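# Examining the three-dimensional arrangement
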Amino acid sequence: MLTVSAPGKLMLMGEHAVVYGYPCIVTAVSERLSVSIEETQDEKITIDAPQVKDTRFVDQAIIEGCKAWNITHHGLRLTTHSNFSNCYGFGSSSAVTVATLYAIATLFKQSLDTKMLFDLAYQTVLAIQGVGSGFDIAAAIYGGTIVYTKGGKILDQLAWDLNNDVSLVVGYTGMKADTPTIVKEIAKKKEEQPERVNRIFEAIAKLVMQAKTAGDKKDWETVGKFMNFNQEYLRDLGVSTEKLEVMIHAANKAGAYGAKLSGAGGGDCMIALTLTEKKKIIEQAIISVGGIVVPVSIHTEGVRIEQ
Ligand code: MEV
């Protein structure tokens, strides 16, 4: 039996704009999804994936992997394990896709470079959900904190350490969001008001690169300021919600450097950047307005073999 795990992700800045070719900053989280795989002799593919909300990602990854590597087998058994709940929007679908492909390649001794893994995983995800920039797949493969653009291009791997002097607090609204639906709504808005939406995306892209420069200098106060500006543009796009706004406002009022929604919006999570000594105060502020603090660490390792 072989086990491979891949991490979930958190979008730090640049959501939505990244779907249209602009850069984003994404980090891999400590929540991981593992896939155990073995070859059987029963001519069946058995999948036991209770933590995955949609097992079509596993089915499709097996199809794509076997086709790409010309694999014939006498049966496969796959089981998933996870330490994260798929309700937070941490990317269980992309993590399971990457882990499944990596496990198949390893089990059948196929050579696998990260570009090929990305392309196969991205193809798999697009076949199922139709839209997406692939930023979550890049986080699952490379880990760490990366500046990413659509198509698998990693512009930079950042040495940001947001687990020591500064911390990231994650607050869940309690409302699950449906990313493909929101991405399609933004596509419609972009068709109706191309100039306005493009202007917003360009402004977000500028903020992403400015935040990268500030973060490289450990100027976290400035990174926080850019996160707040990013949130203003996301609000303009119409993807923020009242609950997200209340939680973001509470975090900022309690002294965070900055706060914003993370991901597609419409619910799910917000993030706040804070000095570590203020972390507890920010967490309390989020809880006091009805948010749920999700304890995660970030900047974690990408896909790996567990045993
Ligand atoms: C969703 O977590 C982030 C979006 O930018 C979609 C994507 O990049 O695939 C809204």
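Since we're looking at a predicted model, the values are computed, not measured. (Residues numbered from 1 in each chain as written. Predicted model: local features only at pLDDT ≥ 70, side-chain atom pairs only at ≥ 80, totals over all residues. Heavy atoms only, no water.)

What follows covers the domain arrangement of the protein. Its domain assignment divides the protein into domain 1 (2–159 + 299–305) and domain 2 (166–293). Measuring from the centre of the C-alpha atoms in domain 1 to the corresponding centre in domain 2 gives 25 Å. Residue-level contacts link 24 residues of domain 1 with 36 residues of domain 2. Contact between domain 1 and domain 2 buries roughly 2,400 Å² in total, counting both sides, with carbon and sulfur atoms accounting for 73%. Considering only the surface of domain 1 that becomes buried against domain 2, Met13, His16 and Tyr20 emerge as the three largest contributors, covering 27% of it. At the junction of domain 1 and domain 2, the tally comes to two salt bridges. Between Lys260 and Glu15 there is a salt bridge, with the nearest N and O atoms lying 2.8 Å from each other. The interface formed by domain 1 and domain 2 contains eight residue pairs in polar contact (both at pLDDT 80 or more). Broken down by secondary-structure element, the contributors of at least two residues to the side of domain 1 that touches domain 2 are β1 (2–13), β2 (24–39) and β6 (153–158). (Domains from an automatic or database assignment. Contact = heavy atoms within 4.5 Å. Buried area = accessible area lost by both parts, 1.4 Å probe. Salt bridge = Lys/Arg side-chain N within 4 Å of Asp/Glu carboxyl O. Polar contact = N/O pair within 3.5 Å; in protein donor to acceptor, adjacent residues only side chain to side chain. Helix = DSSP H or I, 4+ residues; strand = E, 2+ residues; numbered from the N terminus.)

Turning to helix α1 (residues 56–68), a few remarks are in order. When the terminal C-alpha atoms of α1 are compared, their 18 Å separation across 13 residues agrees well with the 18 Å that a helix rising 1.5 Å per residue should span. Of the positions making up α1, those classed as buried are Phe57, Val58, Gln60, Ala61, Ile62, Glu64, Gly65 and Cys66. Just downstream of α1, Asn70 is the residue with a positive phi angle, here 55°. (Expected span 1.5 Å × (residues − 1). Buried < 20%, exposed > 50% of the residue type's maximum accessible area, 1.4 Å probe, protein only.)

Now for the site of the ligand. As a structural note, the neighbourhood of the ligand is formed by Lys9, Glu15, His16, Val18, Val19, Gly132, Ser133, Phe135, Thr179, Val183, Gly263 and Ala264. Between the ligand and the protein, one listed contact pairs an oxygen atom with a backbone N or O atom of His16 at 2.9 Å. In the complex, 95% of the free accessible area of the ligand, which totals 300 Å², lies under the protein chains. Residue classes in the shell around the ligand are distributed as five nonpolar, five polar and two charged. Looking at the shell around the ligand, you find at least three residues from each of domain 1 (2–159 + 299–305) and domain 2 (166–293). (Near = heavy atom within 4 Å. Areas by Shrake-Rupley, 256 points an atom, 1.4 Å probe, with all protein chains shown as cover. Nonpolar A, V, L, I, M, F, W, Y, C, P; charged D, E, K, R; others polar.)

Two faces make up the sheet, and in a regular strand the side chains alternate between them. Buried residues dominate strand β5 (residues 145–149), accounting for five of its five residues. Note: β2 against β5, four bridges, orientation antiparallel. The partner of Cys24 across the bridge, within β5, is Tyr148. Bridge analysis of β5 against β6 gives five bridges, and the strand direction is antiparallel. Among the inter-strand pairings, Tyr148 is bridged to a residue of β6, identified as Ile154. Linking β5 back to β6 in an antiparallel pair, the connection comprises three residues, with Gly151 at a positive phi of about 95°. (Pairing = 2+ DSSP bridges.)

Now for unusual backbone geometry. Here Glu43, not a glycine, exhibits a phi torsion of approximately 60°, which is positive. Residue position: Glu43 is located in the loop between β2 and β3 (45–48). A positive phi is found at Asn70, a non-glycine position, where the angle reads about 55°. Residue classification places Asn70 among the exposed positions, given a relative accessible area of 71%.

Burial analysis of helix α4 (residues 135–142) places seven of its eight residues in the buried class, which makes it a mostly covered element. Phe135, Asp136, Ile137, Ala138, Ala139, Ala140 and Ile141 are the residues of α4 that are buried. Along its buried surface, α4 packs onto β1, β2, α2 (92–107), α3 (114–129), β5 and β6. Count one or two residues on from α4 and you reach Gly143, which has phi positive near 65°.

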